[in-house]
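Structural description and commentary
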Amino acid sequence: MSDSYEFLTAHNIPSYLASHTEISSIVDHTAITEVKEVGDGNLNLVFIVTDKHGKGIVLKQALPYVRLVGPSWPMSPDRARIEYETNVIHAQSAKQFVPEIYFYDSERYIIAMEDLSDHKVWRTSLNLGEQNHGAAKSIGEYVARVLFATSIFGAGADAHYKGIARAINPELCLITENLVFTEPYFPSDRNSYLPENEIDAKAIIEDSRMALEMGELKYKFMTCAEALLHGDLHSGSVMVKSDAKGNEISTRAFDSEFSFYGPIGFDLGACFANFYIALARATALRRKDHADFIAGLPGELWDSFEANFRALWPTRVDKRVFSDVLLEKLLSQWKFDAIGYAAAKMTRRIVGLAKTSDIETLEPAERIGAARGVLRSAQMAIRERHINTDLNSLTLKVRKIIDEVRTGEGN
Ligand code: SR1
Ligand code: MG
């Protein structure tokens, strides 16, 4: 692996495409009309290239450092291979829920993939107050399909063990270990928040129960190789396309560079966290109907995950030992884990490095209360999961907290 490779630019992309004849039917390299850099993530360069026929392609290139921070934080570009391979593997069981990949360039760490410009990033859509009916159900199905297929149950022991060896992703896992499970719970230079939220960040650090449970969640994240996760399944990693009434046309999960074999509850918890963050935004903006809609998403996603996993269960390997009783136990455990991971991900997006536009684009007067609501909800959820894991009841409790601290005054 080398970190001296040529980076893509608007200038060199047409000749780069000309050297890849396998995609000449996808985009006409002799008639490129636009090259747009659209990377709004924290790590990579992303270009959308369009030709005069209106056809497009996406080129995503991993930089040898973290884009959000710059060259002072080096990072192996081999993460592009992980993303490419995971996308290919996930497509085997859930083709309709991932982008089509055209090729992977292992010398320049470039993935060429389907242009989804007719979709919107789910976070953007939720931020605008749009309702994409069916997206949560589809992501629940995606998670069930890809995690079943790559688990012992779907893959069998040999493929599962070989998969674990291939997909090992220590550098990106370390980012999650630090940013999600550690730094928000201790003083850290990378933590930041509005001065008015210092009291809330301090409350997280002083909440010894949070650190204790984060230790358990982190340990499980690092040791429990259940299935090939997406690894960073937030609403910015999902593209949605809906008709004029908001009904689903297409939903795709992308950007799986954090993928590795980890605990099944982790991907589910990431989704729940981002729904609760979106709920805090909708509440801050007094969008009652939108908040009602978002409040239904955690339960909808879980129900879809559970129904699809149950439907796949009869196809599992080794039915004598992997019994129906085991399935019930695992589903309960995964829901419990998912709520814990949601709490971790809610906290990190408010206090730690790499925040979300849902909260960051609010005016400070609204942001203070929204941030407070997310943090207090996380503290509640980490405790509540030991008492009741029903998602609709959890969401009601989250909503009550977010409502109560909405104005950020007198709290
Ligand atoms: C330094 S990378 C920061 C974050 O960006 C990604 O979206 C992951 O969530 C990661 O934690
Ligand atoms: Mg990402």
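To start, this report covers the structure provided alongside it. (Residues numbered from 1 in each chain as written. Chains lettered and ligands numbered in written order. Predicted model: local features only at pLDDT ≥ 70, side-chain atom pairs only at ≥ 80, totals over all residues. Heavy atoms only, no water.)

Overview of the overall build of the chain
Per the secondary structure count, the chain includes 16 helices and twelve strands. For 411 residues, the compact-globule estimate of 2.2 N^0.38 gives 22 Å, and the chain sits close to it at 21 Å. Counting only C-alpha atoms and orienting by the principal axes, one finds that the chain spans roughly 60 × 55 × 45 Å. Across the 411 residues in the chain, those meeting the buried criterion constitute 57%. Sequence separation of at least 24 residues holds for 74% of the intrachain contacts in the chain that already meet a minimum separation of 6. Carbon and sulfur atoms provide 54% of the accessible area of the chain, an area that totals close to 17,100 Å². Within the chain, one finds 46 positive and 56 negative side-chain charges whose respective centroids are separated by 4 Å. (Helix = DSSP H or I, 4+ residues; strand = E, 2+ residues; numbered from the N terminus. Rg over C-alpha atoms; globule rule 2.2 N^0.38 Å. Buried < 20%, exposed > 50% of the residue type's maximum accessible area, 1.4 Å probe, protein only. Contact = heavy atoms within 4.5 Å. Areas by Shrake-Rupley, 256 points an atom, 1.4 Å probe, with all protein chains shown as cover. Lys, Arg positive; Asp, Glu negative; His and termini not counted. Charge placed at Lys NZ, Arg CZ, Asp CG, Glu CD.)

Regarding the sheet that holds strand β10 (residues 238-242)
Ordered by their spatial adjacency, three strands build an open sheet running β8-β10-β11, and the pairing between neighbours is antiparallel. Since the sheet does not close on itself, it has two edges, and those belong to β8 (120-121) and β11 (248-253), each with one partner. In the sheet, β8 pairs with β10 via two bridges, with the strands oriented antiparallel. Residue pairing in the sheet places Val121 in a bridge with Met239 of β10. (Pairing = 2+ DSSP bridges.)

Quick notes on the site of ligand 1
Around ligand 1, the neighbouring residues are Asn42, Val66, Trp73, Ile175, Leu179, Asp232, His234, Phe258, Arg348, Arg349 and Ala354. Side-chain polar atom of Arg348 to an oxygen atom of ligand 1: 2.7 Å apart, as the coordinates give it. Between Arg349 and ligand 1, the recorded distance is 2.9 Å, taken from a side-chain N or O atom to an oxygen atom. When isolated, ligand 1 has an accessible area of 320 Å², and the protein chains bury 95% of it. Within the shell around ligand 1, the residues separate by chemical class into six nonpolar, two polar and three charged. When residues of the shell around ligand 1 are sorted by domain, at least three fall in each of domain 1 (13-114) and domain 2 (120-404). (Near = heavy atom within 4 Å. Polar contact = N/O pair within 3.5 Å; in protein donor to acceptor, adjacent residues only side chain to side chain. Nonpolar A, V, L, I, M, F, W, Y, C, P; charged D, E, K, R; others polar. Domains from an automatic or database assignment.)

Topic: helix α16 (residues 391-404)
End to end, α16 covers 20 Å across 14 residues, agreeing with the expected 20 Å (1.5 Å per residue, within 8%). The set of residues buried in α16 consists of Leu391, Ser393, Leu394, Thr395, Val398, Arg399, Ile401 and Ile402. Elements in contact with the buried residues of α16: α10 (264-284), α11 (288-295), α12 (297-312), α13 (324-351) and α15 (364-384). Residue Asp390 occupies the N-cap position of α16, its side-chain oxygen lying 3.4 Å from the main-chain nitrogen of Asn392. (Expected span 1.5 Å × (residues − 1).)

Concerning the environment of Leu326
Here Leu326 is to be found in helix α13. C-alpha separation for the pair Leu326 and Tyr193, spaced 133 residues apart in sequence, amounts to 43 Å. Discounting residues that sit within four places of it in the chain, Leu326 has contacts with Phe153 and Trp313.

Some thoughts on the sheet that holds strand β6 (residues 101-105)
Here we have five strands laid out as an open sheet, ordered β1-β2-β3-β7-β6, and antiparallel in their pairing. Of all the strands in the sheet, the pair left with one neighbour each is β1 (32-37) and β6. The sheet shows a mean angle of 20° between the axes of neighbouring strands, direction not considered. Along the sheet face, helix α2 (residues 79-94) touches β2 (44-51), β3 (56-62), β6 and β7 (110-114) and points at about 150° away from the line of β6. (Axes fitted to C-alpha atoms, helices over the stretch in contact; angles between N-to-C directions.)

Description of unusual backbone geometry
The phi angle of most residues is negative, glycine excepted, and most peptide bonds adopt the trans form. With a phi angle near 55°, Tyr109 is a residue other than glycine that sits in the positive phi range. Within the secondary structure, Tyr109 sits in the loop between β6 and β7.

Section: the state of the cysteines
Overall, the coordinates contain zero disulfides when judged by the stated rule. Here Cys271 stays unpaired: no disulfide links it, and the sulfur of Cys173, its closest cysteine neighbor, is 17 Å away. (Disulfide = S-S within 2.5 Å.)

Considerations on the pairing of β1
With five bridges connecting them, β1 and β2 associate as antiparallel partners. Looking across to β2, one finds that Glu34 is bridged to Thr50. Turn length for the β1-β2 hairpin, with the two strands adjacent in sequence and antiparallel, is six residues.

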